[in-house]
Amino acid sequence: MKTTLLHGDTGVTIRDIVEGFEYNELDEKGLYGLNGRLTIQPEYQRRYIYGDGKKDVAVIDSIMKGYPIGLIYFNQTESGDYEVLDGQQRITSIGRYVRGLFATPDASGHQQYFNGLAPEVQQRILDTPLLIYVCEGEEPEIKDWFRTINIAGVALNDQEIRNAVYSGPFVTLAREEFSNPSNSFVQKWSSYVSGDIRRQEYLERALEWLVGDSGKAIDAYMSKHRHDDNVNELRTNFMRVIDWIDSVFVDVRSEMKGLEWGRLYAEYRQGQYDSEQVAARVSALYADGAVRRRSGVFEYILGGEQDKRLLDIRVFEDRDQKAAYERQTVAAREAGKSNCSYCSMSENVDQQSRIWEFKDMEADHVTAWTRGGETTPENCEMLCKSHNRAKGNR
Ligand SMILES: [Zn+2]
């Protein structure tokens with residue numbers, strides 16, 4: 001990992017940085033500097049937030065007074081150009097000021113634009129040196145470094161760091177597709193995908209849906225495809241998953257947002273589903289008061305309604321369990337049988353009359369929930385733990 005001062009021998013001044021500075025008012029983004037060689041706001045950065053008449057003014061005030069404005073870090077891209085890693089807000093403030101986009105108050109409180117300053121003051125500002133470090137190195141080192149610098153600066157998330165580390169044609173194209181809020185598909189995608197599109201979380205989902213959700217697998221894919229001139233595989237897979245969801249679940253429900261659709265697609269895409277039947281089952285399960293986790297309904301149906309754990313079915317209230325225990329135990333003692341109805345039918349004589357303590361029993365639905373049995377006191381029966389578990393596993 002190499003960290004060098006940018007133009008170490010001659011240094012960099014504000015004049016160099018603001019050369020060719022462009023600012024996009026509409027997007028509130030500083031775009032380029034260093035005569036086009038510097039991308040001021042890569043996609044993974046926050047938008048410009050210093051334009052509040054305070055923070056931007058403070059940056060200029062510091063420069064005028066000859067105070068340091070802190071270290072700035074650039075990332076060197078594959079093509080040998082630069083991206084601002086840390087310092088985007090300060091550089092954009094400087095560029096906007098020199099371009100005359102805002103004024104700062106002078107000693108007597110009058111607003112002064114850059115153009116209105118005395119020529120020697122202008123020169124002094126432009127000649128101000130900036131301490132800019134450029135980072136180059138192996139991917140793991142750079143990633144680690146990004147994480148370290150995060151502590152002090154803008155907190156980049158995992159995908160933002162990956163985009164910086166694997167910057168190149170693939171990332172550029174992938175961002176255009178999956179990080180662009182004005183993409184007309186985003187509205188539709190947002191029914192199933194959670195996260196902030198500006199913070200690269202849709203792109204992260206698209207990658208997860210293709211290679212799985214391990215960070216290592218995403219790293220490997222991005223590294224391998226770094227120089228690709230297209231994102232066809234990524235786009236095709238993403239669209240395929242979206243189309244599959246649409247074809248199986250015709251009604252969009254809010255609980256569908258953010259599910260692991262990539263995994264569900266991989267596991268269940270071979271299944272045959274009648275979308276009308278599926279819609280009816282979704283409605284029925286949504287209407288069932290015992291279903292406590294609606295987000296589990298979709299996988300439950302995809303898996304043939306086998307795994308009830310996905311639904312977090314409502315359990316019996318403690319008082320209902322205790323009432324059932326008392327009722328069963330009194331009756332069992334009178335009859336000389338076990339208070340677990342399964343034990344009482346056992347072939348083992350000791351077991352037939354065994355009286356379990358409350359803590360050794362669990363509540364079961366007499367009529368199974370899957371057959372319409374409700375979680376009401378009348379449908380509660382206590383069984384010994386081993387029988388309840390054996391029953392549940394069938
Ligand atoms: Zn039993």
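Residues numbered from 1 in each chain as written. Predicted model: local features only at pLDDT ≥ 70, side-chain atom pairs only at ≥ 80, totals over all residues. Heavy atoms only, no water.

**Student:** Looking at this model, I keep getting lost on the coordination of the zinc ion. Mind explaining?
**Tutor:** Octahedral six-donor coordination of a metal ideally yields angles of 90 or 180 degrees, compared with 109.5 degrees for tetrahedral four-donor coordination. Here the zinc ion is held by the protein donor atoms Cys340 (SG), Cys343 (SG), Cys384 (SG) and His387 (ND1), which lie 2.0 to 2.3 Å from it. Donor residues for the zinc ion sit on one chain with the sequence pattern C-x2-C-x40-C-x2-H. On the criterion of sequence distance, the pair formed by Cys343 in helix α16 (residues 341-344) and His387 in helix α18 (residues 385-393) is long-range, its members being 44 residues apart. Overall, the relative accessible area of 0% leaves Cys343 in the buried class. (Donors = N, O, S within 2.8 Å, 3.2 Å for Na, K, Ca; no water. Helix = DSSP H or I, 4+ residues; strand = E, 2+ residues; numbered from the N terminus. Buried < 20%, exposed > 50% of the residue type's maximum accessible area, 1.4 Å probe, protein only.)

**Student:** What should I look at first to understand unusual backbone geometry in this one?
**Tutor:** With the exception of glycine, most residues fall at negative phi, and the peptide bonds are largely trans. The phi angle at Leu34 is positive, at roughly 50 degrees, despite the residue not being glycine. Position of Leu34 relative to the elements: it lies in the loop between β5 (32-33) and β6 (38-39). Here the phi dihedral of Asn35 falls at roughly 55 degrees; this positive angle occurs in a residue that is not glycine.

**Student:** Explain the pairing of strand β7 (residues 72-76) to me, please; I cannot follow it from the model alone.
**Tutor:** Remark: a regular strand shows side chains that alternate across the two faces of the sheet. Counting buried residues in β7 gives four out of five residues, a clear majority hidden from the surface. Looking at chain direction, β7 and strand β12 (residues 132-136) are connected through four bridges and run parallel. Along β12, the bridge assignment pairs Tyr73 with Tyr133. Note: β7 against strand β8 (residues 82-86), four bridges, orientation antiparallel. Along β8, the bridge assignment pairs Phe74 with Val84. (Pairing = 2+ DSSP bridges.)

**Student:** Please clarify how the sheet that holds β6 should be interpreted in this entry.
**Tutor:** Two orientations exist for strands paired in a sheet by backbone hydrogen bonds: parallel and antiparallel. On the basis of which strands lie adjacent, the open sheet formed by six strands has the order β1-β12-β7-β8-β6-β5 and mixed pairing. In this open sheet, the two edge strands, each paired with only one partner strand, are β1 (2-5) and β5. Two strands pair when backbone bridges link them, and β5 and β6 are joined in this way by two bridges, in the antiparallel orientation. By the bridge assignment, Gly33 is partnered in β6 with Leu38.

**Student:** I keep staring at a nonpolar patch on the surface and nothing clicks. Help me out?
**Tutor:** A grouping of Leu5, Leu71 and Leu131 is seen on the molecular surface, where their side chains present a nonpolar patch of about 230 Å² in accessible area. Examined against the element boundaries, Leu5 turns out to sit in strand β1. Leu5 sits in the partly exposed class, given a relative accessible area of 38%. (Patch = residues over 30% accessible without salt bridge, like charges linked within 9 Å, V, L, I, M, F, W, Y side chains within 5 Å. Areas by Shrake-Rupley, 256 points an atom, 1.4 Å probe, with all protein chains shown as cover. Salt bridge = Lys/Arg side-chain N within 4 Å of Asp/Glu carboxyl O.)

**Student:** Is there a simple way to think about the nonpolar core in this case?
**Tutor:** One recurring pattern in soluble globular proteins is that nonpolar side chains are buried together. Membership of the largest hydrophobic core comes to 58 residues, with the highest contact counts inside it found for Phe146, Leu234, Trp244, Phe249 and Trp261. In this view, Trp244 contacts Trp261, Leu264, Tyr265, Tyr268, Arg269 and Leu302; residues no more than four positions away in its chain are not counted. Counting residues in each nonpolar core, the second largest holds 32 residues, with Val57, Phe74, Phe102 and Ile132 among its members. (Core = buried A, V, L, I, M, F, W, Y, C linked by side-chain atoms within 4.5 Å. Contact = heavy atoms within 4.5 Å.)

**Student:** So what exactly am I meant to see when it comes to helix α13 (residues 275-287) here?
**Tutor:** Spacing of three or four residues puts side chains on the same side of an α-helix, whose turn is 3.6 residues. The first and last C-alpha atoms of α13 sit 18 Å apart over 13 residues, in line with the 18 Å expected at 1.5 Å per residue. Of all the residues in α13, the buried ones are Val278, Ala279, Val282, Leu285 and Tyr286. One side of α13 holds all its buried residues, which, seen down the axis, span an arc of 130 degrees. For α13, the exposed residues set more than 90 degrees away from the buried face come down to Glu276, Gln277 and Ala287. In the core, the buried residues of α13 are packed alongside α11 (232-248) and α14 (297-302). One side-chain oxygen at the N-terminal end of α13 lies 2.9 Å from the backbone nitrogen of Glu276; it belongs to Asp274. (Expected span 1.5 Å × (residues − 1). Arc of directions from axis to C-beta. Polar contact = N/O pair within 3.5 Å; in protein donor to acceptor, adjacent residues only side chain to side chain.)

**Student:** Help me out: how do you make sense of the packing of helix α7 (residues 169-178) against α11 in this one?
**Tutor:** The relative placement of two packed helices comes down to the angle between their axes together with the axis-to-axis distance. Two numbers describe how α7 lies on α11: the axes approach to 10 Å, and their chain directions differ by 25 degrees. On the basis of their axis angle, the class for α7 and α11 is roughly parallel. Note that α7 runs across α11; the crossing there is right-handed. Touching Phe170, Ala174, Glu177 and Phe178 of α7 are Leu234, Arg235 and Phe238, all from α11. Broken down by class, the residue content of the contact of α7 with α11 amounts to five nonpolar, no polar and two charged. (Axes fitted to C-alpha atoms, helices over the stretch in contact; angles between N-to-C directions. Parallel < 35°, antiparallel > 145°, perpendicular 65-115°, else oblique. Left-handed = near helix turned anticlockwise from the far one by under 90°. Nonpolar A, V, L, I, M, F, W, Y, C, P; charged D, E, K, R; others polar.)

**Student:** What is the right way to look at the packing of aromatic side chains in this model?
**Tutor:** In this description, an aromatic ring pair is defined by two values, namely the gap between the centres and the angle between the planes. A complete count under the given rule lists 18 aromatic pairs for this structure. Relative to Phe298, the ring of Phe249 lies with its centre 5.2 Å away and its plane at 85 degrees, an arrangement referred to as edge-to-face. Taken together, the positions of Phe249 in the loop between α11 and α12 (261-268) and Phe298 in helix α14 put the pair 49 residues apart, joining distant regions of the chain. This pair shows no difference in class: Phe249 is buried, exactly as Phe298 is. A connected cluster of aromatic rings, assembled from ring pairs, spans Phe178, Phe185, Trp189, Trp209 and Phe238. It is Arg96 that lies over the ring of Tyr23; its NZ or CZ is 4.9 Å from the centre. The residue whose ring lies beneath Arg253 is Tyr286, and the NZ or CZ to ring-centre distance is 4.6 Å. (Phe/Tyr/Trp six-rings, centres within 6.5 Å; stacked < 30°, edge-to-face > 60°. Lys NZ or Arg CZ within 6 Å of the ring centre and 35° of its normal.)

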